[in-house]
Amino acid sequence: MTRKDSMATYWRIGLTVAAFALIAGIIAAPIFPKLGSPDVVASTPHQGPAPRLPVSPASLQTD
């Protein structure tokens, strides 16, 4: 087999692999985002801010 024939064979193999990779990427592109975390995450309802005790300057003074 001459160098030209072997290069043509490698070219065809590379082109075939690239074509399969491209087709696999097109098929897998819509599937991969669905495998990640969900878009909406359920959590407990938020009732508002936690109650805090009022702090006045007089309560901060120490004797």
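Residues numbered from 1 in each chain as written. Predicted model: local features only at pLDDT ≥ 70, side-chain atom pairs only at ≥ 80, totals over all residues. Heavy atoms only, no water.

**Focus on the overall build of the chain**
Then step 1. A tally of helices and strands in the chain yields three helices and zero strands.
Then step 2. Here the chain displays about 6,600 Å² of accessible surface, and carbon together with sulfur accounts for 68% of that area. (Helix = DSSP H or I, 4+ residues; strand = E, 2+ residues; numbered from the N terminus. Areas by Shrake-Rupley, 256 points an atom, 1.4 Å probe, with all protein chains shown as cover.)

**Section: the confidence of the model for the chain**
When pLDDT drops low, the exact placement of atoms in the prediction is not to be read closely.
Then step 1. The predicted model of the chain has a mean per-residue pLDDT of 79, with 59% of residues at 70 or higher.
Then step 2. The element-level mean pLDDT for the chain is lowest in helix α3 (residues 57-60), coming to 63, with helix α1 (residues 3-28) highest at 94. (pLDDT = per-residue confidence, 0-100.)

**Here we look at a nonpolar patch on the surface**
Then step 1. Taken together, the side chains of Ile23, Ile27, Ile31, Phe32 and Leu35 define a hydrophobic patch exposed on the protein surface, amounting to about 550 Å² of accessible area.
Then step 2. Looking at the nonpolar patch, the elements that each hand over two or more residues are α1 and α2 (32-35).
Then step 3. Inspection of the secondary structure assignment puts isoleucine 23 in helix α1. (Patch = residues over 30% accessible without salt bridge, like charges linked within 9 Å, V, L, I, M, F, W, Y side chains within 5 Å. Salt bridge = Lys/Arg side-chain N within 4 Å of Asp/Glu carboxyl O.)

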